[in-house]
Amino acid sequence: SQTIHQWPATLVQPVGSPLSLECTVEGTSNPNLYWYRQAAGRGLQLLFYSVGIGQISSEVPQNLSASRPQDRQFILSSKKLLLSDSGFYLCAWSNSLYEQYFGPGTRLTVT
Amino acid sequence: RKEVEQDPGPFNVPEGATVAFNCTYSNSASQSFFWYRQDCRKEPKLLMSVYSSGNEDGRFTAQLNRASQYISLLIRDSKLSDSATYLCVVGNYQLIWGAGTKLIIKP
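Residues numbered from 1 in each chain as written. Chains lettered and ligands numbered in written order. Predicted model: local features only at pLDDT ≥ 70, side-chain atom pairs only at ≥ 80, totals over all residues. Heavy atoms only, no water.

Novice: Provide a residue-level description of the overall build of chain B, including the pertinent values.
Specialist: Looking only at helices and strands, chain B has zero helices and 11 strands in total. Order of helices (α) and strands (β) in chain B, N terminus to C terminus: β-β-β-β-β-β-β-β-β-β-β. Its C-alpha radius of gyration of 13 Å places chain B within 12% of the 13 Å reference for a compact globule of 107 residues. If you line up chain B on its principal axes, its C-alpha atoms span 40 × 30 × 20 Å. Buried positions account for 45% of the 107 residues belonging to chain B. Put simply, of all contacts in chain B between residues at least 6 apart along the chain, 56% involve residues at least 24 apart. Surface exposure of chain B reaches about 5,400 Å², of which carbon and sulfur atoms provide 48%. Across chain B, the centroid of the 12 positively charged side chains sits 3 Å from that of the 10 negatively charged ones. (Helix = DSSP H or I, 4+ residues; strand = E, 2+ residues; numbered from the N terminus. Rg over C-alpha atoms; globule rule 2.2 N^0.38 Å. Buried < 20%, exposed > 50% of the residue type's maximum accessible area, 1.4 Å probe, protein only. Contact = heavy atoms within 4.5 Å. Areas by Shrake-Rupley, 256 points an atom, 1.4 Å probe, with all protein chains shown as cover. Lys, Arg positive; Asp, Glu negative; His and termini not counted. Charge placed at Lys NZ, Arg CZ, Asp CG, Glu CD.)

Novice: Please provide a residue-by-residue account of the sheet that holds strand S8 (residues 70-75) of chain B, values included.
Specialist: Residue and element names in this part refer to chain B. With respect to topology, five strands assemble into an open sheet ordered S1-S3-S8-S7-S6, the strand pairing being antiparallel. Two strands lie at the open edges of the sheet, namely strand S1 (4-6) and strand S6 (55-57), each paired on one side alone. Neighbour to neighbour, the strand axes of the sheet diverge by 20° on average, direction disregarded. Across six bridges, the pairing between strand S3 (residues 19-25) and S8 is antiparallel. The partner of phenylalanine 21 across the bridge, within S8, is leucine 73. (Pairing = 2+ DSSP bridges. Axes fitted to C-alpha atoms, helices over the stretch in contact; angles between N-to-C directions.)

Shown next as structure tokens:
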């Protein structure tokens with residue numbers, strides 16, 4: 001069966017510091033991968049998606065970037081965090097354009 | 001108009017009651033529809049897909065009305081464990097997420 005891992009679970013970072021969140025998927029090959037952000041009390045905002053190694057599509061221009069160095073690894077990064085980057089970051093995978101399955105998420109607080 | 005709209009609630013419902021939520025969408029070309037459940041401070045989990053003919057999974061029934069562009073979720077005999085936020089998701093080439101409806105089941 002498929003499993004998706006995300007780490008860390010929680011993170012507190014000062015404004016201006018860098019960020020690296022990692023997501024890995026097991027039990028499937030060539031998945032579509034997604035990064036979402038959910039602000040408190042809000043819906044999910046798609047940040048990036050990838051249909052293959054090195055292929056990244058950005059949905060929202062901002063100070064975040066994503067990379068997919070391996071088939072089942074997806075990384076979200078920032079060079080300098082802003083207060084507005086606080087939120088719940090979720091990685092998801094799918095094998096189609098349809099159902100998506102989420103990792104446990106990383107709760108980021110920028111102070 | 002938002003692409004996917006849900007009543008944020010909360011819906012406060014006594015245990016054992018039946019509760020229904022609707023979700024409206026703006027893109028008539030949408031092809032895929034889902035309900036997800038999200039517990040507090042947890043990731044969303046797929047509850048059920050919504051098919052044109054409607055579908056049922058135990059106490060949960062989902063229906064699609066293409067003419068009026070909404071989907072619905074009905075929960076029968078509600079349990080305390082049904083308390084969560086229910087997210088409506090609509091897709092064409094990409095999934096669009098509603099902000100969710102909060103459901104609180106009270107003993």
